[in-house]
Amino acid sequence: MSDFIWVEKYRPKTIEECILPKRIKQTFENFVEKGEIPNMLLSGPPGIGKTTVAKALCHQLGADYYVINGSDEGRFLDTVRNNAKNFASTVSLTSDSKHKIIIIDEADNTTSDVQLFSERLLRSSLGTAGLSLHVTTKTKLSTHYILGVLWLTSQLIKKTNQQ
């Protein structure tokens, strides 16, 4: 435990531990109660807790997750394609979770080809993998990409409601 960076050691592990406005906290707590994590687009200034909330949801639901930083490796299509596709298509040996979440931190810094790829990846793994996008500036993401993520979310909700 002493090897952890301080911020990771003390990062909230549950939604209850997160400091959020009541209405927003209730929304995330409802996800936990239902046992589902929808595709999400979290937007706000740096340090507001977008990554913390996504990780807390994954932790509470026992979901496997993979973090891609849009400012670093997230700018290279080959890296994202190989890492994200491998993660989304493999079976976890450490948990029995039905959720696999790809967290793209600083998604507004990804290139348009990375955005298109992640949308296609979501379409091909609908119901088995999810996406959490964290952006600090809404204007850098293409409208097509945002609409694609929202459409995929609606498809997942329809599929869940039919079960």
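Note that the coordinates shown come from a computational prediction; the quantities given were computed from them, not determined experimentally.

Colleague: Explain the nonpolar core here, please?
Modeller: Within soluble globular proteins, side chains that are nonpolar generally end up buried alongside one another. Ile15, Phe28, Ile37, Met40, Val53, Leu57 and Ile101 are the most contacted members of the largest nonpolar core, which totals 16 residues. At the level of elements, helix H2 (22-34), strand S1 (40-43), helix H3 (50-61) and strand S3 (100-105) are the ones that each hand at least two residues to this core. Considering each element in turn, this core owes the most residues, 6 residues, to H3. Look past the residues within four positions of Ile15 in its chain and what remains in contact with it is Lys25, Phe28, Glu29, Val32, Val53, Ala56, Leu57 and Gln60. Leu77, Phe87, Ala88 and Leu121 belong to the second largest nonpolar core, which has 12 residues in total.

Colleague: It is not clear to me how the packing of aromatic side chains should be interpreted in this structure. Could you clarify?
Modeller: Two aromatic rings are characterised by how far apart their centres lie and by the angle between their planes. The final tally for this structure, using the stated rule, is 2 aromatic pairs. Arranged with centres 5.0 Å apart and planes meeting at 45°, the rings of Trp6 and Tyr10 form a pair that is tilted. Judged by centre distance (5.9 Å) and plane angle (70°), the rings of Phe28 and Phe31 are edge-to-face. Note that Phe28 and Phe31 are positioned in helix H2 at a spacing of 3 residues, about one turn of the helix. Of the two residues, Phe28 and Phe31, neither departs from the other in class, the shared state being buried.

Colleague: How should the side chain of Arg11 be read in this particular structure?
Modeller: Summarising the element assignment, Arg11 is placed in the loop between helix H1 (6-9) and H2. On the basis of relative accessible area, Arg11 is assigned to the buried category, the value being 15%. A distance of 2.7 Å separates the side chain of Arg11 from the side chain of Thr52, its partner in a polar contact. Once you skip the residues sitting within four places of it in the chain, Arg11 turns out to touch Thr51, Thr52 and Lys55.

Colleague: Teacher, can you tell me more about a nonpolar patch on the surface here?
Modeller: Together, Ile5, Trp6, Val7 and Tyr10 make up a nonpolar patch on the protein surface, roughly 510 Å² of accessible area in all. Relative to the elements of secondary structure, Ile5 occurs in the segment before H1.

Colleague: Please explain helix H4 (residues 77-89) as it appears in this structure.
Modeller: Relative to the 18 Å expected for 13 residues at 1.5 Å per residue, H4 spans 17 Å between its end C-alpha atoms, a close match to the ideal helical length. Taken residue by residue, H4 has Leu77, Val80, Ala84, Phe87 and Ala88 as its buried positions. Relative to the axis of H4, the buried residues are bounded by an arc of 120° and lie together on one face. Residues of H4 that are exposed and point more than 90 degrees away from the buried face comprise Asp78 and Ser89.

Colleague: How should the packing of H2 against H3 be read in this particular structure?
Modeller: Angle between the axes and distance between the axes: these two values describe a pair of packed helices. In the contact formed by H2 and H3, the axes pass within 10 Å of each other and the chain directions differ by 25°. On the basis of their axis angle, the class for H2 and H3 is roughly parallel. As for the relative orientation of H2 and H3, their crossing is right-handed in sense. Residues Phe28, Phe31 and Val32 of H2 pack against Val53, Leu57, Gln60 and Leu61 of H3.

Colleague: Before we go on, may I ask you to explain the environment of His99 in this structure?
Modeller: With respect to the secondary-structure elements, His99 resides in the loop between H4 and S3. What makes His99 buried here is its relative accessible area of 9%. Not counting residues up to four positions away in its chain, the partners in contact with His99 are Gly35, Glu36, Ile37, Ala63 and Asp64.

The rules behind these values
- Residues numbered from 1 in each chain as written.
- Predicted model: local features only at pLDDT ≥ 70, side-chain atom pairs only at ≥ 80, totals over all residues.
- Heavy atoms only, no water.
- Core = buried A, V, L, I, M, F, W, Y, C linked by side-chain atoms within 4.5 Å.
- Buried < 20%, exposed > 50% of the residue type's maximum accessible area, 1.4 Å probe, protein only.
- Helix = DSSP H or I, 4+ residues; strand = E, 2+ residues; numbered from the N terminus.
- Contact = heavy atoms within 4.5 Å.
- Phe/Tyr/Trp six-rings, centres within 6.5 Å; stacked < 30°, edge-to-face > 60°.
- Polar contact = N/O pair within 3.5 Å; in protein donor to acceptor, adjacent residues only side chain to side chain.
- Patch = residues over 30% accessible without salt bridge, like charges linked within 9 Å, V, L, I, M, F, W, Y side chains within 5 Å.
- Areas by Shrake-Rupley, 256 points an atom, 1.4 Å probe, with all protein chains shown as cover.
- Salt bridge = Lys/Arg side-chain N within 4 Å of Asp/Glu carboxyl O.
- Expected span 1.5 Å × (residues − 1).
- Arc of directions from axis to C-beta.
- Axes fitted to C-alpha atoms, helices over the stretch in contact; angles between N-to-C directions.
- Parallel < 35°, antiparallel > 145°, perpendicular 65-115°, else oblique.
- Left-handed = near helix turned anticlockwise from the far one by under 90°.

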